[in-house]
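Close look at the chain arrangement
Next come the chains, spelled out residue by residue.
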Amino acid sequence: MSEKRHIQILDPRLANQISAGEVVERPASVVKELVENAIDAGSRRIEVELENGGARTIRVRDDGSGIGEADLPLALSRHATSKIVSLEELEGVASLGFRGEALASISSVARLELVSNTDEDPRSGWRVVAEGRRMEPRVTPAPHPRGTSVTVRDLFFNTPARRKFLRTEKTEFGHVEEAFRRQALSRFDIGWVLRHNHRTLHQLPPGDDPVAQERRLQSLLGKAFLENALHLDVEAGGLRLSGWVGLPTHSRAQADQQYFFVNGRVVRDRLVAHAIRQAYRDVLFHGRHPVFVLYLEVDPRVVDVNVHPTKHEVRFRDGRMVHDFLFSSLHRALGEARAGERGEHED
Ligand code: ADP
Ligand code: MG
């Protein structure tokens, strides 16, 4: 063993690169973080553009609130956020972000350029560039319509060990498309575009009415999903569950097409998964998986979203109640669907 060294505080860039491992695994995680920022900025339209599965370029463009000149260098610093200022605010947080880590992490492992404008005048705007180890971002004037464009190039160019873990262009793009699908399903009121290698793959106009929602479901999940799904909207005890659940006859061999959102955030939760499995238990063949796109709305104070840096997990204050509510709502909806089916046959 080598001689013991003194304890030192890590260089901030290195600290960022280390924590980047928690949030930036591949191009899809960059897309997720950038799009969450665009959503938090109140955007009405979000465009995601990639080259080479995202390994070469990822660009997310939005028409949200933008970032002012003075805030720009801070946006790239770790633990710098405009979303919360106190523990109290964290406990009731409604924004997708709040850790102030994403841009710092991404810019420590890629070449990041951010151009933003808070003003309606498209001639105003500011650019900030950060590349790997170089600290001190420089802010220069750059015209941009109101909103923000973030471009991330050469992901992991300075962390070859991570770059090695990137898969083929097709695989990486598949993950990006899945991240995009989740986010587009989380906000029907936002218009979305996804381009890869200069080809437009998804163009989804905004619309919150049932027709627009169904059109989006069909374009993201296919016609079969919509033709075999029940719509539900149930409210009880401060909880609301809405969305679509597949008929048992439309189960799948794989557990894909399963989307569960808690207050607009896609989550994978064991308690939720268990409640859904129970509801389908008697109606699905063994080894088959239901399809669903479900939205749970709860008071943000009764759910903890700060469980993991990627925020894919949540903790409910009253898990039992949430479980029972999910189970009974789904069980009833599926039961009614079966009764309806029998009724039709009897006619
Ligand atoms: P967090 O989202 O947790 O606050 P980020 O590192 O993702 O941390 O972003 C840091 C800050 O930069 C945000 O709090 C926000 O003020 C600003 N920001 C980032 N992206 C955008 C955007 N697209 N539009 C407006 N502001 C943004
Ligand atoms: Mg963020």
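Calculation criteria
Residues numbered from 1 in each chain as written. Chains lettered and ligands numbered in written order. Predicted model: local features only at pLDDT ≥ 70, side-chain atom pairs only at ≥ 80, totals over all residues. Helix = DSSP H or I, 4+ residues; strand = E, 2+ residues; numbered from the N terminus. Rg over C-alpha atoms; globule rule 2.2 N^0.38 Å. Buried ≥ 20, exposed ≤ 12 C-beta atoms within 10 Å, placed from the backbone. Contact = placed C-beta atoms within 7 Å. Pairing = 2+ DSSP bridges. Domains from an automatic or database assignment. Near = placed C-beta within 6 Å. Nonpolar A, V, L, I, M, F, W, Y, C, P; charged D, E, K, R; others polar. Axes fitted to C-alpha atoms, helices over the stretch in contact; angles between N-to-C directions.

All right, on to the overall build of the protein chain then. Secondary structure summary: the protein chain contains eleven helices and 15 strands in total. Taken against the 2.2 N^0.38 rule, which gives 20 Å for 347 residues, the C-alpha radius of gyration of the protein chain at 22 Å falls within 12% of a compact globule. Viewed in the frame of its principal axes, the protein chain has a C-alpha envelope of about 75 × 55 × 40 Å. Residues counted as buried form 34% of the 347 residues belonging to the protein chain. Put simply, of all contacts in the protein chain between residues at least 6 apart along the chain, 68% involve residues at least 24 apart.

Take the pairing of strand S6 (residues 147-153) next. For S6, the tally of buried residues reaches five of seven residues, placing the bulk of the element in the interior. Summarising the sheet, strand S2 (residues 57-62) and S6 pair through six bridges and their orientation is antiparallel. By the bridge assignment, Arg59 is partnered in S6 with Thr151. Bridge analysis of strand S3 (residues 111-117) against S6 gives seven bridges, and the strand direction is antiparallel. For Asn117, the partnering residue across the bridge sits in S6 and is Gly147.

It is worth spelling out the domain arrangement of the protein chain at this point. Taken domain by domain, the protein chain comprises domain 1 (12-204) and domain 2 (222-346). Relative to domain 2, the C-alpha centre of domain 1 lies at a distance of 30 Å. Broken down by element, the residue count for the side of domain 1 that touches domain 2 peaks at three residues, all from helix H7 (residues 169-186).

Time to look at the site of ligand 1. Surveying the vicinity of ligand 1 reveals 23 residues, the closest of which are Asn37, Ala41, Thr81, Gly97 and Ala102. Elements with a minimum of two residues in the shell around ligand 1: helix H2 (27-40) and helix H5 (102-108). Each residue belonging to the shell around ligand 1 can be placed in one class, and the counts come to nine nonpolar, nine polar and five charged.

Pairing is mixed across the open sheet formed by five strands, whose spatial order is S9-S10-S13-S11-S12. Edge strands, defined here as strands with exactly one partner in the open sheet, are strand S9 (229-236) and strand S12 (265-266). As judged from the two bridges shared by strand S11 (residues 258-262) and S12, these two strands associate in the antiparallel manner. Each residue of the ladder has a partner; that of Val262, found in S12, is Arg265.

Attention shifts here to the environment of Arg123. Residue placement: Arg123 occurs in the loop between S3 and strand S4 (126-131). Arg123 gets classed as exposed once you count the C-beta atoms within 10 Å, which come to 10. Along the sequence, Arg123 and Arg146 sit 23 residues apart, while their C-alpha atoms lie 9.6 Å from each other.

Sheet architecture is open: eight strands sit in the order S5-S4-S3-S6-S2-S1-S7-S8, paired in mixed fashion. Either end of the sheet is taken by a strand with one partner, and the two such strands are strand S5 (138-141) and strand S8 (199-204). Taken pair by pair, the neighbouring strands of this sheet meet at an average axis angle of 15°, ignoring direction. Of the strand pairs in this sheet, strand S1 (residues 45-51) and S2 are connected by six bridges, and their pairing is antiparallel. From the neighbouring strand, Glu51 faces S2, where its bridge partner is Thr57. Against the sheet, H7 touches S1, strand S7 (191-196) and S8, its axis set at about 175° to S7.

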